[in-house]
Amino acid sequence: MSNVKLAIIYYSSTGTNYQLAKWAEEAAKESGAEVKVLKVEETAPQQAIASNPAWKEHYEETKDVPVVTLNDLEWADAYIFSIPTRYGTMPAQMKNFIDTTGGLWFNGKLVNKVVSGMSSAQNPHGGQEATILNLYTTMMHWGAIIAAPGYSDPVTFASGGNPYGTSVTVDQDGNMKEDVKDGVKYQAKRTVEVAKWVNAGKA
Ligand SMILES: Cc1cc2nc3c(=O)[nH]c(=O)nc-3n(C[C@H](O)[C@H](O)[C@H](O)COP(=O)(O)O)c2cc1C
């Protein structure tokens, strides 16, 4: 049977969710998946990006990361999304991409994709859980299969404790306040594992 194909799709202004995506990539590759790390298109005006040095720096550093396309969604068996909170919900950049998936949805192409979400915020209760739940609402409309980490492994307790998906708090300088690398890696491996089961079932 062919390897699980995983698309890790993220949005990040200042690098946190890019780092989460990279850790997920590392773990998924360890699990034998074929992995693409893909960003959603930046839609903010250049003036806004330039007004925040950390945003500008991250924008320049990740210029070569491919922008996700609808073909990537069709290609992958599973998706991991990583997004910062924006007032308790996903950034407009991610929503903008999701709102281009109507054709795939209409043709049943998103059914049974295995999905999982991660998030970050500046406050410990700043909207991480709500952001992931908002994402999962869309995933339910797709008919996707949500592979949340839950408390299926003790690593969740040591990585922020969010059973919906790994999430982290960042300080004013953009540094992560909790060590969530192991939680991210576990979540990615679990997503790949569930996708393997689904692929085997389909076969
Ligand atoms: C428009 C906007 C709204 C935000 N809303 C919240 C919020 O409601 N709660 C919170 O804790 N952080 C909030 N933040 C902080 C971001 O979530 C934080 O900068 C982000 O998680 C860092 O991730 P990144 O480095 O991947 O961009 C907001 C940031 C922006 C720019």
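Residues numbered from 1 in each chain as written. Predicted model: local features only at pLDDT ≥ 70, side-chain atom pairs only at ≥ 80, totals over all residues. Heavy atoms only, no water.

**Student:** Outline the overall build of the protein, supporting the account with residue identities and numerical values.
**Tutor:** The helix and strand tally for the protein stands at nine helices and six strands. Over its C-alpha trace the protein gives a radius of gyration of 16 Å, about what one expects of a compact globule, namely 17 Å for 203 residues. In terms of its C-alpha atoms, the protein occupies a principal-axis envelope of roughly 50 × 40 × 25 Å. Across the 203 residues of the protein, 50% fall into the buried class. Look at the contacts in the protein between residues 6 or more apart in sequence, and 77% of them connect residues 24 or more apart. Taking the average place of the 18 positive charges on the side chains of the protein and the average place of its 22 negative ones, the gap between the two points comes to 6 Å. (Helix = DSSP H or I, 4+ residues; strand = E, 2+ residues; numbered from the N terminus. Rg over C-alpha atoms; globule rule 2.2 N^0.38 Å. Buried < 20%, exposed > 50% of the residue type's maximum accessible area, 1.4 Å probe, protein only. Contact = heavy atoms within 4.5 Å. Lys, Arg positive; Asp, Glu negative; His and termini not counted. Charge placed at Lys NZ, Arg CZ, Asp CG, Glu CD.)

**Student:** I'd like to hear about the pairing of strand 1 (residues 5-10), residue by residue, with values.
**Tutor:** Among the six residues in strand 1, five count as buried, and that is most of the element. By the bridge criterion, six bridges tie strand 1 to strand 2 (residues 34-39) in an arrangement that is parallel. Within strand 2, the position partnered with leucine 6 by the bridge is valine 35. In the classification by handedness, the crossover that spans strand 1, the intervening helix 1 (residues 16-30) and the parallel strand 2 is right-handed. The pairing of strand 1 with strand 3 (residues 78-84) spans five bridges and is classified as parallel. Residue pairing in the sheet places isoleucine 8 in a bridge with isoleucine 80 of strand 3. (Pairing = 2+ DSSP bridges. Right-handed = clockwise from strand over helix to strand, strands pointing away.)

**Student:** Break down the site of the ligand for me, with residues and values.
**Tutor:** In the neighbourhood of the ligand, 15 residues make up the surrounding shell, with Ser12, Thr14, Thr16, Ser120 and Gly126 lying closest. In the environment of the ligand, an oxygen atom lies 2.7 Å from a nitrogen or oxygen atom belonging to the side chain of threonine 16. Tyrosine 87 is positioned with one of its backbone polar atoms (N or O) 3.1 Å from a nitrogen atom of the ligand. Computed on the free molecule, the ligand has an accessible area of 640 Å², of which 77% lies beneath the protein chains in the complex. Secondary structure elements with two or more residues in the shell around the ligand: helix 1 and strand 4 (114-121). (Near = heavy atom within 4 Å. Polar contact = N/O pair within 3.5 Å; in protein donor to acceptor, adjacent residues only side chain to side chain. Areas by Shrake-Rupley, 256 points an atom, 1.4 Å probe, with all protein chains shown as cover.)

**Student:** Could you give an account of the packing of aromatic side chains, with specific residues and numbers?
**Tutor:** Within the structure shown, the criterion is met by five aromatic pairs. Pairing tyrosine 79 with phenylalanine 81 gives two aromatic rings, centres 6.0 Å apart and planes at 75°, and the pair type is edge-to-face. Each member of the pair, tyrosine 79 together with phenylalanine 81, is buried. Through pairs of rings, three or more aromatic residues link up here, namely Tyr79, Phe81 and Trp142. The cationic tip of lysine 36 hangs over the ring face of tryptophan 75; the distance from NZ or CZ to the ring centre is 4.2 Å. (Phe/Tyr/Trp six-rings, centres within 6.5 Å; stacked < 30°, edge-to-face > 60°. Lys NZ or Arg CZ within 6 Å of the ring centre and 35° of its normal.)

**Student:** Which residues make up the UniProt feature "domain: Flavodoxin-like" (unreviewed entry) in the protein, and what values do they have?
**Tutor:** The feature "domain: Flavodoxin-like" (unreviewed entry), as annotated in UniProt, sits at residues 6-192 in this numbering. Across residues 6-192 one finds 42% helix and 17% strand; the C-alpha atoms that close the span lie 7 Å apart. (UniProt positions renumbered as here; feature names shortened; annotations may be inferred.)

**Student:** Give me helix 9 (residues 181-202): which residues, what numbers.
**Tutor:** An α-helix turns once per 3.6 residues; consequently, residues spaced three or four apart project the same way. Across its 22 residues, helix 9 extends 32 Å between first and last C-alpha, which sits within 8% of the 32 Å expected from 1.5 Å per residue. Buried residues of helix 9: Gly183, Val184, Lys185, Tyr186, Gln187, Ala188, Thr191, Val192, Val194, Ala195, Val198 and Asn199, and no others. (Expected span 1.5 Å × (residues − 1).)

**Student:** Can you break down the pattern of salt bridges residue by residue, with the values?
**Tutor:** A full pass over the atoms with the stated rule returns 11 salt bridges. The closest approach of N and O atoms between lysine 29 and glutamate 25, which form a salt bridge, is 3.2 Å. Of this pair, lysine 29 and glutamate 25 both sit in helix 1, four residues apart, roughly one helical turn. Note on lysine 29: relative accessible area 48%, which makes it partly exposed. Among the residues examined, glutamate 25 registers a relative accessible area of 13% and is labelled buried. For lysine 185, the salt bridge identified is with glutamate 26, shortest N-O distance 2.9 Å. One end of the pair, lysine 185, is in helix 9; the other, glutamate 26, is in helix 1, and 159 residues separate them in sequence. Exposure remark for lysine 185: the relative accessible area of 14% places this residue in the buried category. (Salt bridge = Lys/Arg side-chain N within 4 Å of Asp/Glu carboxyl O.)

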